[in-house]
Every structure is written in C-alpha cells, then in structure tokens.
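Residue strings, one per chain:
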Amino acid sequence: MQKKSHITLPSFATVEDVIEQLKPGYPVYCLRPAELKRQARFFLDSFPGRVMYAVKCNPHLTVLQALFDAGIRHFDTASLAEIALIREHFPQADCYFMHPVKARASILTAQDVYGIDHYVIDHEKELDKIIETTGSGDGRVILVRIVTPVHDAQYRLSDKFGIASDEAAELLQKVHKADFQTGIAFHVGSQCRTPQAFTDGVRTALDVIREANVPVHYLDVGGGFPALYEDDKPPALDDYFKVIEEAFDEAKIRRDCVLMCEPGRALVASGCSLLVQIQLRKDDKLYINDGVYQSLSETLVGKIKLPARLTNPRRQLSSQNQEFTILGPTCDCLDILPYQFILPDDAEEGDWIEIGQVGAYSNSAATRFNGFFPETFVSVDAAPLMPK
Ligand SMILES: *Cc1c(COP(=O)(O)O)cnc(C)c1O
C-alpha cells in the first residue's frame, strides 16, 4: 500500500497571493510541483535509459513526492540519512548508494536495514571495505566511478572522485571476481555546458570495459545536465540525450547493459523560487533576509546568476530600473551577492524580491549561521520565474 506521508504545503495561486496572506518578513521557498512533474516527465520520456534523481540537490518531501508522482522510481543517495528518507516515504523506490567513500557502519546498515544492493567505489580499498563488512557480491552491484575528460562545467567533480581510466579496468576485474555485477559511473561536473563531455565520458568508459573484458551491467553517465540561468544559455537537454544515445549505441557494450543518468540540478532548478524581503536600502545597496550562507551560496561558489523581480502588491513600482548590490543577512562580509541586480529604482524596505531557478542546491545547502535559517515552504501554481 502506498504510504501517503508527504506533508501538504499551504498552496497559493501566485507569489503575490503568498505576499498578501503571509506578508513574510522571512524568506519563503515557493515550490512549483507542476513544474517539477513536467521536468521529471521530460527526463523520463526523453532520456534513453533509467533516470535516477540525485537527492542531495533538493531533499524536500514535496519535491521528492512530485518527482515520484511523475514516475521517478530511482534515487541516488549518498548517506544513511538520504537512504532512510527515501526508504521511509517511498518504500517501493530503489536507492543507490552512490558515494564513493562510505563509513563501514553505513555500508552494513545500508545492506542489513535498508537492503541496498547498488554501490559506487573509486578505489580498491573501498571494495575491500564492502567485502569485509557485508561479504562478497552475491549478485549485488558495484559501479566503478572513473575520471573523464574535463569540459566546460561550473563545478569539476573529477578533482575529488573517480579512478584514472588506465587503472579502472583492473578494479572492474576485481569487482567481477568478487561476484558482484559490475558497472561504470562518471560525473562530467555540475552545470556542464558541452554535450561532448558525455560523449567523451561514454567513450572513456568503453575503453575501460574493453580492457577489463568482463561483463558490464550498468553504464551511469551521472548528473551535470545544465539548468537555465541569467547569461547562461546552454544547449537543449535533448542535444545531450542525443549524443549519449549515439555514443551508447556505437559502443554496443552488451544488449542487457542498463544505461542510467542521475540528474539533480536540471530536474529541479526551475521547480522553486525564493521570496525575500528588503530589510534596508542604503543608496544602491539592498539588505535582504537570505544570502550566501542560506539559499544563495551558488551565486558565490558557482558564479551562478539568478533571475529576479521586485514585487509589492500594495504599490505601483517605478518603470525605471537601476543596478543594485544585494547583501545577505549575516554579519559576515562574504555575504554579498557577487553581481548586480537590475530592479526598479524605487525599491525600498518592505518590498519583496522573487528570485527564480533556486530549486537546486538552495535549501539543501543552507546553514544555520548567525541564526538565519529559511524553513518556510509553500506551493505556488503560477508558472516559474525564468531567466530572460
Ligand atoms: C551531485 C551529484 C549528482 C547530481 O549532479 P547535478 O550536477 O546536480 O546534476 C549526480 N551524481 C552524483 C554522484 C553527485 O554527486
């Protein structure tokens, strides 16, 4: 029986309705379940394989529920807490333990309590760890994460994880010998702007598979699919899916090899906006109630520019725009958004700013620094705020 455990959020037709009813002096995440479902269906319909969702990107239950309702049944989880979250709420969905470095207790618990049977490693010692804690494969799956050629991505994940491709074949053979089903995984880096990165990734995986000469059951091309931001208009997702399908077909690995992807950002970025309030204006500086230590860290660490609009249902806004510097609420000098926002020149204390495309890495990355922690979520029917 399906456990309907997700919380029902207060629901509003528009962001202006949120303002009228709550007059929020605190930040509000305005989730768009319809948009999340639309994007999930797009991935499920268009990606030529299995679609996993990378839970770390946004683990809010309403987000997970929308993706599940749209048909997502596979979740990339990296910690026991993420595994428990998915297993508790969606018992019929599959969890994959995709962190290449796991605590022994986590491996044991994942296996014994949650019945996890897909793991990722990028080093021989991690294979030993899994065997020492839970025995040999017995049909379970281990994917070897490899480093792939660098392309234009906003974050380079291969600096941290992945085995060099010339050492991967030997590890893959050891996985096979230990009676696990084998797979290869990679991650081209988050917000990757070149489809070619995936072609190169699949080809690198193919070289490893040929060298290892063992049966390979899974090829996981990871996440990294881009979202739309201000001044950042990457190729359409279909272009990525097309080159992945071509490279996979060309590779002719085995007919029963499962092709997978694990998007985070591109699935959920458009599914949430953030409603913040101006607390003080000093000339062209606007102090708001959310910042780089809460929902907006990606503006700083990822140099990501988000669409924004000023709104106040109580008054007519000026038709003249000007540039503003936006400052976050904490007492740290780092807490200043690193680019100028263009907003009506009469922006004032008490007005609100809706910031779009914050579904990815916003609430999931927020800290409690200085006592500012956004935790109000509502559901909004209106179309998402998109970049120009
Ligand atoms: C973060 C992460 C993802 C999601 O990446 P996006 O760039 O958000 O698509 C997928 N897989 C792994 C292993 C990750 O660490």
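Residue numbers here run from 1 along each chain, matching the order of that chain's written sequence. Residues qualify for local features only when their pLDDT is at least 70, as the model is predicted, and side-chain atom pairs are given and counted only at 80 or more; totals for whole chains, interfaces and linings, by contrast, use all residues. Only hydrogens and water are removed before side-chain values are computed, so all heavy atoms of the structure are retained for them.

Engineer: Hey, could you run me through the overall build of the chain in this one?
Structural biologist: For the purposes of this entry, the term helix denotes a DSSP run of H or I that reaches at least four residues, the term strand denotes a run of E that reaches at least two, and both are numbered from the N terminus. Of the regular secondary structure elements, the chain holds eleven helices and 17 strands. For the radius of gyration, the atom set is restricted to C-alpha positions; the globular benchmark scales as 2.2 Å times the number of residues to the power 0.38. Computed over the C-alpha atoms, the radius of gyration of the chain is 22 Å, within 12% of the 21 Å expected from 2.2 N^0.38 for a compact globule of 388 residues. Counting only C-alpha atoms and orienting by the principal axes, one finds that the chain spans roughly 70 × 40 × 40 Å. The criterion used for residue contact is that any of the two residues' heavy atoms lie within 4.5 Å. For the chain, the proportion of contacts with a sequence separation of at least 24, taken over those separated by at least 6, is 76%.

Engineer: Got a minute to help me understand the site of the ligand in this structure?
Structural biologist: Neighbouring residues are identified by heavy atoms, a residue being near a molecule or strand if any of them is within 4 Å of it. In the region of the ligand, 13 residues are neighbours, and Lys-56, Ser-190, Glu-262, Arg-265 and Tyr-361 sit closest. Any pair of N or O atoms that falls within 3.5 Å is considered a polar contact. Within protein, one atom must be able to donate a hydrogen and the other to accept it, and sequence-neighbouring residues count only if both atoms are side-chain atoms. Here a nitrogen atom of the ligand and a side-chain polar atom of Asp-76 are 3.1 Å apart. Tyr-361 places a polar side-chain atom, nitrogen or oxygen, 2.5 Å from an oxygen atom of the ligand. Taking 390 Å² as the accessible area of the ligand by itself, protein coverage stands at 90%. Residues are said to line a cavity or pocket when one of their atoms sits within 4 Å of a point; the points come from a 1 Å grid over protein atoms alone, cavities being sets where a 1.4 Å probe fits but cannot get out and pockets being open sets with protein on both sides within 12 Å along at least five of seven lines. Criterion for pocket placement: a molecule counts as inside a cavity or pocket if more than half of its atoms are within 2 Å of its grid points. When atom positions are compared with the pocket grids, the ligand is found to occupy the largest pocket. In this count, Pro and Cys sit with the nonpolar residues alongside Ala, Val, Leu, Ile, Met, Phe, Trp and Tyr, while Asp, Glu, Lys and Arg are called charged and the others, Gly among them, polar. In terms of residue class, the shell around the ligand is built from three nonpolar, five polar and five charged. With residues, only the protein chains shown are counted as cover, and all accessible areas are computed by Shrake-Rupley using a 1.4 Å probe.

Engineer: How do you make sense of the layout of surface pockets when you look at a structure like this?
Structural biologist: The probe, sized like a water molecule, is rolled over the atoms to show the empty space still left. Grid points are joined across faces, edges and corners, and a volume is the space filled by probe spheres set on the points. Reported here for the largest pocket is a volume of approximately 670 Å³. Put simply, the parts of the chain that give the lining of the largest pocket at least two residues each are helix H10 (265–268) and helix H11 (297–301). If one sorts the elements of the lining of the largest pocket by residue count, H11 sits on top with three residues. Its residues placed into classes, the lining of the largest pocket shows 17 nonpolar, seven polar and ten charged.

Engineer: How should I be thinking about a negative patch on the surface in this particular structure?
Structural biologist: Excluding any residue in a salt bridge, patches collect residues exceeding 30% relative accessible area, merging like charges within 9 Å and nonpolar Val, Leu, Ile, Met, Phe, Trp and Tyr side chains within 5 Å. The working definition used for a salt bridge is a side-chain nitrogen of Lys or Arg within 4 Å of a carboxyl oxygen of Asp or Glu. A positive count includes Lys and Arg, and a negative count includes Asp and Glu. His and the chain ends are not counted in either. Taken as the charge centre is NZ of Lys, CZ of Arg, CG of Asp or CD of Glu, depending on the residue. Together, Asp-166, Glu-167, Asp-207 and Glu-211 make up a negatively charged patch on the protein surface. Of all elements in the fold, only helix H7 (165–177) and helix H8 (196–212) reach the threshold of two or more residues within the negative patch. Tracing the chain through its elements places Glu-211 in helix H8.

Engineer: Sorry, what's going on with empty space enclosed by the protein here?
Structural biologist: As enumerated under the stated definition, the model contains two cavities of 30 Å³ or more in all. Counted as a void, the largest cavity has a volume near 60 Å³. In terms of lining, the largest cavity is formed by 13 residues, of which the most central are Ser-295, Glu-298, Leu-306, Val-358 and Ala-360. For the second largest cavity, the calculated volume is near 50 Å³. Forming the boundary of the second largest cavity are Thr-148, Pro-149, Val-150, His-151, Arg-156, Leu-157, Ser-158, His-187 and Val-188. Of the residues belonging to the lining of the second largest cavity, the class tally is four nonpolar, four polar and one charged.

Engineer: Even after reading the chapter, I still don't get the domain arrangement of the chain, so can you show me in this structure?
Structural biologist: Domain borders in the structure are assigned automatically or taken from a domain database. Here the domain parsing of the chain yields domain 1 (19–28 + 269–380) and domain 2 (34–267). Taking only C-alpha atoms into account, the centre of domain 1 sits 33 Å from that of domain 2. Taken residue by residue, the interface counts 18 residues in domain 1 and 17 residues in domain 2. By convention, the term buried area covers the 1.4 Å-probe accessible surface removed from two parts as they join, with the contributions of both added. Summed over both sides, the interface of domain 1 with domain 2 buries roughly 1,600 Å², with 52% coming from carbon and sulfur. Of all residues in domain 1, Ala-269, Lys-305 and Tyr-361 give up the largest surface area on contact with domain 2, accounting jointly for 30% of the area buried on that side. Inspection of the region where domain 1 meets domain 2 yields two salt bridges. The partner of Glu-298 in a salt bridge is Arg-265, and the shortest N-O contact between them spans 2.8 Å. The interface formed by domain 1 and domain 2 includes 13 residue pairs in polar contact (both at pLDDT 80 or more). When its residues are assigned to classes, the side of domain 1 that touches domain 2 shows eight nonpolar, seven polar and three charged.

Engineer: Sorry if this is basic, but what is going on with the environment of Glu-250 here?
Structural biologist: Relative to the helices and strands, Glu-250 is located in helix H9 (residues 237–251). Each C-alpha atom of the pair Glu-250 and Ala-383 lies 39 Å from the other, and the pair is 133 residues apart in sequence. Here Arg-203 takes part through its side chain, which lies 3.5 Å from a polar atom of the side chain of Glu-250.

Engineer: Quick question: what am I supposed to make of the packing of aromatic side chains here?
Structural biologist: Aromatic rings in a pair are described by how distant their centres are and how their planes are angled relative to each other. Each Phe, Tyr or Trp ring (for Trp, its six-membered ring) is paired with any other whose centre lies within 6.5 Å, and the angle between the two planes then decides the class: stacked below 30 degrees, edge-to-face above 60, tilted in between. In total, this model carries 16 aromatic pairs according to the counting rule given. Aromatic pair Phe-97 and Tyr-119: ring centres 6.1 Å apart, planes at 40°, arrangement tilted. Remark: Tyr-119 occurs in strand E6 (residues 118–121) and Phe-97 occurs in strand E5 (residues 94–97); sequence separation between them is 22 residues. On the basis of relative accessible area, Tyr-119 is assigned to the buried category, the value being 0%. Between the aromatic rings of Phe-198 and Phe-225, the centroid separation amounts to 4.7 Å while the plane-to-plane angle is 15°, which identifies the pairing as stacked. Here the residue Phe-198 occupies a position in helix H8, and Phe-225 occupies one in the loop between strand E9 (218–220) and H9, the gap between them amounting to 27 residues. In this structure, Phe-198 and Phe-225 share a single accessibility class: buried. Through a chain of ring-to-ring contacts, three or more aromatic side chains come together here, namely Phe-42, Phe-43, Phe-47, Phe-198, Phe-225, Tyr-240 and Phe-241. Cation over ring: Lys-102 sits above Phe-97, and NZ or CZ is 5.8 Å from the ring centre. The residue whose ring lies beneath Arg-368 is Phe-373, and the NZ or CZ to ring-centre distance is 4.1 Å. Between buried and exposed lies partly exposed: a residue is buried under 20% and exposed over 50% of the maximum accessible area for its type, with that area taken using a 1.4 Å probe on protein chains only. We call a charge positioned above a ring when the Lys NZ or Arg CZ atom is no farther than 6 Å from the ring centre and deviates by at most 35 degrees from the ring normal.

Engineer: Where do I start with the nonpolar core in this structure?
Structural biologist: Most often, soluble globular proteins keep nonpolar side chains buried together rather than apart. With 105 residues, the main nonpolar core has Tyr-53, Val-221, Phe-225 and Ile-353 as its most contacted residues. Residue contributions to this core peak at eight residues, all from H8. Both domains that meet at this core, namely domain 1 (19–28 + 269–380) and domain 2 (34–267), each give it at least three residues. When sequence neighbours within four positions are dropped, the list of residues in contact with Tyr-53 reads Asn-58, Val-63, Leu-64, Leu-67, Ile-72, His-74, Phe-75, Asp-76, Pro-263, Gly-264, Leu-267 and Val-268. By nonpolar core is meant a set of buried Ala, Val, Leu, Ile, Met, Phe, Trp, Tyr and Cys residues that side-chain atoms within 4.5 Å join together. With ten residues, the next largest nonpolar core counts Val-15, Val-18, Ile-19 and Val-28 among its residues.

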